[in-house]
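Tertiary structure, described
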Amino acid sequence: MDRRSFMLATGGAVAATTALGVPAEAAPGRDPFGQAVRFNIISDIQGDLADFGKALDDINVINPRSAGLGVAGDITPRGYDFEYAQVRSTLDKHPHPRKVAWAIGNHEFYVPKWRDPDTLAQETWPNGTTEDSLFRSFYNFARRNTVYSETSFDGVPVLCLGTERYAKYHDPKLWDEVWISDRQFTWLEQRLAYWDRWRKPVMVLTHHPLPNTVSGTRNKLYLNDYLQADRLLSVLGKYRDVFLFSGHTHWDLTLSDWVTRRVVPGSGNLEGFTVVNTGAVQTGWVDDGKGGEVSLGGSFNQGLQVEVSHRSVVIKARDFTTGTWLKQITVPLRDSL
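Only a predicted model underlies this, so the values are computations on that prediction, with no experimental measurement involved.

The next point concerns the sheet that holds strand β8 (residues 202–206). Read from one edge to the other, the open sheet built from 6 strands follows the order β6-β7-β8-β9-β11-β10, with strand pairing classed as mixed. Looking along the sheet, the strands with just one partner apiece sit at the ends: β6 (149–153) and β10 (259–262). Taking each pair of neighbouring strands and ignoring which way they run, the sheet shows an average axis angle of 25°. Pairing analysis gives 5 bridges linking β6 to strand β7 (residues 156–160), with the strands arranged antiparallel. Paired with Ser-152 across the bridge in β7 is Pro-157. Where helix α5 (residues 182–197) meets the sheet, its contacts fall on β6, β7, β8 and β9 (242–246), and the angle it forms with β7 comes to roughly 165°.

Here is the structure:
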């Protein structure tokens, strides 16, 4: 059974590229790095609310004063309003950071595959569901009016990116491919340049991984997720202290390429930027040795803790099921070299 069939059936070496999003409230004159800022990142909840609750509980144990929680997409299994409400309810029932940065994922656009919540009907896609309604559901949940946003985790800028079209509404040959508008690209360029002038590391959250970066992204399944991959790489690749966190693959954080450094030719940045796999809350996957992937089965619930100081960014991979650390990496910042 392949990944898409599995999801529908259920209803639902160091290189690093890290992109951080920062809101306007993080005043440039303030130095947030007098003390280390710690926050957490997860992705791909996809209806696994029990494991989402476990992740929140474990985060409260290891980082009770977490400055924020980043969720890198696939918040819901399909994008129904009641599914968003279930996520919000689970969040409210467990201890959690006051600030949460939500990125949109492809599963937020899966309502059109269903005639009703109990009846899969891909042959009659989109089953009366409009593209606009899917975005409205996300906006209502995330409490904003764009897919892209900037948030401050105690002075650390965190940028969320996302598709502004669900591709199949615009080209019947496509499905989940990411399309980014000129406006979002301009915003991203301006925010990265702004924080670079203030010599701040930036965290960027996006659901889909960029090709040839972290685990799974050399697999044919993930080589074409972005319709403008080269343009996005050219923007991110200019900045040494950008950290890009991506989900979507669910590939195991124990793999050696869970973090990678991506150098973009012609960017002028010969050291590249850091890219990090976020793991997943729901179901782990690995390469099947045949150009595809296979489910790991059993319990799987992984995520990250990030610690930003004036000298470095420490990224730690966590198994929320066993309550154990899997590995960690320290990335020196430009001013520390």
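Moving on, there is more to tell.
One way to put it is that helix α3 (residues 81–93) packs onto helix α4 (residues 131–142) with a least axis distance of 10 Å and a crossing angle of 20°. Between α3 and α4, the interaxial angle falls into the category roughly parallel. Like other packed secondary-structure pairs, α3 and α4 cross with a definite hand, here right-handed. Seen from α3, the contacting residues are Asp-81, Tyr-84, Val-87 and Arg-88; seen from α4, they are Ser-137, Phe-138 and Phe-141. Counted by class, the contact of α3 with α4 contains 4 nonpolar, 1 polar and 2 charged residues.

Looking now at the sheet that holds strand β15 (residues 312–319). Strand order in the open sheet made by the 6 strands is β3-β2-β1-β14-β15-β16, with mixed pairing throughout. Of all the strands in the sheet, just β3 (100–103) and β16 (324–332) have a single pairing partner and so form its edges. Across the sheet, the mean angle from the axis of one strand to that of its neighbour is 20°, orientation sign disregarded. When strand β1 (residues 37–42) meets strand β2 (residues 69–72), the two strands line up parallel, connected through 3 bridges. Each bridged residue has a counterpart across the sheet, and for Ile-42 the counterpart in β2 is Val-71.

Any aromatic ring pair is given by two values, namely how distant the centres are and how the planes are angled relative to each other. Counted by the stated rule, this structure contains 13 aromatic pairs. Taking 5.4 Å as the distance between ring centres and 25° as the angle between the ring planes, the aromatic pair formed by Tyr-80 and Phe-82 counts as stacked. Ring geometry for Tyr-194 versus Trp-195: centroids 4.8 Å apart, planes at 80°, classification edge-to-face. Its relative accessible area of 1% is what places Trp-195 among the buried residues. Each member of the aromatic cluster is reached from another via a ring pair, and the members are Phe-109, Trp-125, Phe-135, Phe-138, Tyr-139, Tyr-166, Tyr-169 and Trp-175.

Here we take up α5. In a regular helix each residue adds 1.5 Å, so 16 residues correspond to 22 Å; α5 covers 22 Å between its end C-alpha atoms and thus fits that length. Among all positions of α5, only Gln-184, Phe-185, Trp-187, Leu-188, Arg-191, Leu-192, Tyr-194 and Trp-195 are buried. Among the structural elements, β6, β7, β8, α6 (229–236) and β9 are those in contact with the buried residues of α5. Downstream of α5 by one or two residues, Arg-199 has phi in the positive range, about 55°.

With 12 residues, α4 ought to run about 16 Å at 1.5 Å a step, and its terminal C-alpha atoms sit 17 Å apart, in line with that. For α4, the complete set of buried residues consists of Glu-131, Ser-133, Leu-134, Phe-135, Ser-137, Phe-138, Phe-141 and Ala-142. Taken together, the buried residues of α4 touch α3 and β3. Immediately beyond the C-terminal end of α4, within one or two residues, lies Arg-143, with a positive phi of roughly 60°.

A few words now on the environment of Arg-218. Mapped onto the fold, Arg-218 is located in the loop between β8 and α6. C-alpha separation for the pair Arg-218 and Gly-291, spaced 73 residues apart in sequence, amounts to 9.1 Å. Those residues in contact with Arg-218 that lie beyond four places of it in its chain are Asn-212, Thr-213, Leu-223 and Asp-257.

The next point concerns the environment of Thr-146. Considering the arrangement of structural elements, one finds Thr-146 in the loop between α4 and β6. Owing to a relative accessible area of 24%, Thr-146 belongs among the partly exposed residues under this scheme. For the pair formed by Thr-146 and Gln-184, sequence separation is 38 residues and the distance between their alpha carbons is 9.4 Å. Of note is the side chain of Thr-146, whose polar atom sits 2.5 Å from the backbone oxygen of Tyr-148.

Let us look at the environment of Ser-152. Position of Ser-152 relative to the elements: it lies in strand β6. Residues Ser-152 and Val-100 lie 52 residues apart in sequence; the distance between their C-alpha atoms is 9.8 Å. At 2.9 Å, the side chain of Ser-152 forms a polar contact with the backbone nitrogen of Gly-155.

So, about the pairing of β3. In this structure, β2 lies alongside β3, joined through 4 bridges in parallel fashion. Counterpart to Ala-72 in the pairing with β3 is Ala-103. What joins β2 to β3 is α3, and the crossover it makes is right-handed.

Now for the pairing of β2. Burial of β2 is two-sided: the residues Leu-69 and Val-71 facing one way and the residues Gly-70 and Ala-72 facing the other way are all buried. Each parallel crossover has a hand, and for β1 linked through helix α2 (residues 49–62) to β2 it is right-handed.

Cut-offs used in this document
- Residues numbered from 1 in each chain as written.
- Predicted model: local features only at pLDDT ≥ 70, side-chain atom pairs only at ≥ 80, totals over all residues.
- Heavy atoms only, no water.
- Pairing = 2+ DSSP bridges.
- Helix = DSSP H or I, 4+ residues; strand = E, 2+ residues; numbered from the N terminus.
- Axes fitted to C-alpha atoms, helices over the stretch in contact; angles between N-to-C directions.
- Contact = heavy atoms within 4.5 Å.
- Parallel < 35°, antiparallel > 145°, perpendicular 65-115°, else oblique.
- Left-handed = near helix turned anticlockwise from the far one by under 90°.
- Nonpolar A, V, L, I, M, F, W, Y, C, P; charged D, E, K, R; others polar.
- Phe/Tyr/Trp six-rings, centres within 6.5 Å; stacked < 30°, edge-to-face > 60°.
- Buried < 20%, exposed > 50% of the residue type's maximum accessible area, 1.4 Å probe, protein only.
- Expected span 1.5 Å × (residues − 1).
- Polar contact = N/O pair within 3.5 Å; in protein donor to acceptor, adjacent residues only side chain to side chain.
- Right-handed = clockwise from strand over helix to strand, strands pointing away.

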